[in-house]
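Residue-level listing of the chains:
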Amino acid sequence: MSYLNVLKRLKAADEVSAAEVKAILSMDHPSEGQVYPHLRGYLLSRFLLDDSVQTDDLKKLVSSSISKSLEISEGDLDVTDLSDRCISAPSVETKLALAMLKFEEALGIKVDVMERVNCVTVADYAGVVSRYL
Amino acid sequence: MDPRVENAMMTTGMKKAIDVKLNVQPIFVALYHEHVFEGPCRFGAGDELKKEYDLALDAMIYDRTKEAWATMFDPQNVNVLEPIIIYRDETFLTTDWMLEEMGKTSKETDVYLFATASRPYDLIVEFAQRIGKPICMMQDCCGSSIVIPACRARGVECYAFTDVEDANLTFSVLRVRKALSELKVLAVVRNNSNVSISAPDSFVSLEDVTMKFGARFRFINVHELMDYSHVNNDSTQNYTTPGRHDGMNITEEEMKEAEAMADEFIAKADECHMERDMVVNTFRIYRTIQKVMNAYECNAFTAPCPDVCATRRINEEKFTFCLTHTLNNENGIPSACEYDVPALFAAMLLQNVSRCPSYQGNTITAPKIGGIRQFVPRGALLNIESVQKADVELGDLENVCLTFHAVPTRFPKGFGTEMEPYSIRSFAHSGFGATVRYDFKRDIGQTITMARFDPTGTKLLVAKGTICGGVGYGDRNCSEGVFFQVENSSDFFQKQLNFGNHIPLVYGDWMKEMIRLGEVLGLEVITA
């Protein structure tokens, strides 16, 4: 993919994710069920994934994203994704943390770290987020 | 009554060594940065430099580490306590609150297991120096190779593990060390509470042993014990402790229990070559010893049979301690013949490492010289026909050794495994003293691991062999035995000369574990 195409794709992803945030903010105290499709749409766009991805597991979504961009299998990613930072976090965790923080910042909320870390699936996270809105 | 007086006589009963667990306290030390900046030890860009990002990642790492801690260790050996998390920012302050929080479970903790996010090395070192308990870490980049040398240089016991298997091995031997420190031996005494007549190769000083390993001793005079074995619901009638109402004579009800145990023991045997009343008599002293051990909160046992033999009371009472040793060992209660405490301790180590009952006996090499197996007793101790038969069966095998005593186990393959076939024969030719007879020839080819402390309590012999024969299944006395091959019997003998006669053994190859255990006990490990 050319550099220009990459930029175009990132711009499009930004627009989609901004639209998903906007949709959530337009609702008054949205429920988990109302947050969920927009949160999923937000994450898929941030991770440059399309609707064909089936999993609802947050870390697996990130793995799909990284392995796709690196053009390696998720199995290979499990083996190679070692910590590259002094706090011993693999890229799956760093990317997920950044995406969640960005999402919460856009919504204007601060989710408790332990509540966030207990979220395994997009649905779990949608449930937590909905309580802060 | 003043409750403090009442409590003076409260006991917690017997706590078996095999049930002891190592309490591991995991501590996760996390770093976050209060300020946004980049530098030589802080990497990233944009949101990655925010405090929220550090805290989010700390939480993720802690969460998966906590999950791993909960499942990675053998629950038979390790009890993982609720993890503690400590946060620190980039000012790198070590506060007393942090140290107190990290040490809040110190009373029950045996080992601290650290994991980190970032570089809290100085905090761990200071904690380790103050808490006085071992610390450990999984290998990481690069905390383990910083913290461990720093702690060791300051006299702190610490370990780092390359993988889960390594961690489990170390925890398993630390558990055994803890269990040894909680060993409380009921030691039957006639004249000398340190060594018996027949086993001066025991520890030179039991006091030293207590100071070094923590194991304790509770002594009881043999005549008092013998008198407790007399059924009497009124303990004031005990000849040795006249008028004392708190004596431990076995009651009629307990004697009925002993009879029931004897009947079950006979019923399960392939053959019983003894009169029932003599078997019951043996269970009479076994039940008495259990009662005293419970009262004294003891979890190990030894008695000086030759010293007691010389009093003629064994002959008068018509029992021996052999079956008590067999049953104790089968129940995870280390039990040694002849007041041989180094053998008792080695048996305890072997039992706890392998989770198999051990067997102990006189151990000799039996080289074939001039067509004859040397050094194997022939006559009163070992039946001459049985030895001749064993000679034929062993053929020209080299590097053969023999361990013999009438205390084999019926569960050589592990506590709680299926009982192996056995028969019952008396120790004494006149028919008293029930013993288990086990045919070791059933297990030819089985690997065994042996161990023994030296008399100074500074060395541990750890040896391996392979069963190649058996003797004494159909005989009386101490003649029950197992022949096994070692790599080099001359070398084995020379090394044994620094240790002693009885060398306990268990089934299986436990060399790696026993060597590691010897090391964590601070012993010089000699292998053969």
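All values reported here derive from a predicted model rather than from experimental measurement.

A. Representation of the packing of helix α2 (residues 32-46) of chain A against helix α7 (residues 122-132) of chain A within the structure. Residues and elements named next belong to chain A. α7 packs onto α2 with a crossing angle of 120 degrees between their chain directions and a minimal axis gap of 8 Å. Relative to α7, the element α2 lies oblique. Relative to α7, α2 is oriented so that their crossing is right-handed. The residues of α7 that touch α2, namely those facing E32, V35, Y36, L39, R40 and L43, are V122, A123, Y125, A126, G127, V129 and S130.

B. Geometry of the nonpolar core. Residue and element names in this part refer to chain B. Among the nonpolar cores identified, the biggest contains 96 residues, and F171, F345, L349 and F453 are the most heavily contacted of them. Examining the composition of this core, we find that 9 residues originate from one element, helix α2 (residues 51-72), more than from any other. In terms of domain composition, this core takes at least three residues from each of domain 1 (17-180) and domain 2 (183-527). Residue contacts for F171: discarding those within four places in its chain leaves L22, V24, F73, V78, V111, C136 and F161. If you look at the next biggest cluster of nonpolar residues, it comprises 41 residues, including M255, V279, I289 and F319.

C. Representation of the packing of helix α6 (residues 164-181) of chain B against helix α14 (residues 341-354) of chain B in the model. All names here are of chain B. Interaxial distance between α6 and α14 falls to 10 Å at its minimum, and their mutual angle equals 140 degrees. Of the possible angle classes, the one that applies to α6 and α14 is oblique. The interaxial crossing formed by α6 with α14 has right-handed handedness. Taken together, the residues of α14 that come into contact with α6 (itself represented by R175, V176, A179 and L180) are F345, M348, L349, N352 and V353.

D. Region of interest: a nonpolar patch on the surface. A surface patch of nonpolar side chains, amounting to about 500 Å² of accessible area, comprises Y3(A), L4(A), V6(A), L7(A) and L10(A). Along the chain, L4(A) turns up in helix α1 (residues 3-25).

E. Spotlight on the sheet that holds strand β9 (residues 271-272) of chain B. Residue and element names in this part refer to chain B. If you walk across this open sheet you meet the 3 strands as β9-β16-β17, and the pairing is mixed. Only two strands of the sheet have a single partner each, and these edge strands are β9 and β17 (434-437). Across 4 bridges, strand β16 (residues 423-426) lies against β17 in antiparallel orientation. Its bridge partner being in β17, R425 is matched across the sheet by T435.

Reading guide: rules and limits
Residues numbered from 1 in each chain as written. Chains lettered and ligands numbered in written order. Predicted model: local features only at pLDDT ≥ 70, side-chain atom pairs only at ≥ 80, totals over all residues. Heavy atoms only, no water. Axes fitted to C-alpha atoms, helices over the stretch in contact; angles between N-to-C directions. Helix = DSSP H or I, 4+ residues; strand = E, 2+ residues; numbered from the N terminus. Parallel < 35°, antiparallel > 145°, perpendicular 65-115°, else oblique. Left-handed = near helix turned anticlockwise from the far one by under 90°. Contact = heavy atoms within 4.5 Å. Core = buried A, V, L, I, M, F, W, Y, C linked by side-chain atoms within 4.5 Å. Buried < 20%, exposed > 50% of the residue type's maximum accessible area, 1.4 Å probe, protein only. Domains from an automatic or database assignment. Patch = residues over 30% accessible without salt bridge, like charges linked within 9 Å, V, L, I, M, F, W, Y side chains within 5 Å. Areas by Shrake-Rupley, 256 points an atom, 1.4 Å probe, with all protein chains shown as cover. Salt bridge = Lys/Arg side-chain N within 4 Å of Asp/Glu carboxyl O. Pairing = 2+ DSSP bridges.

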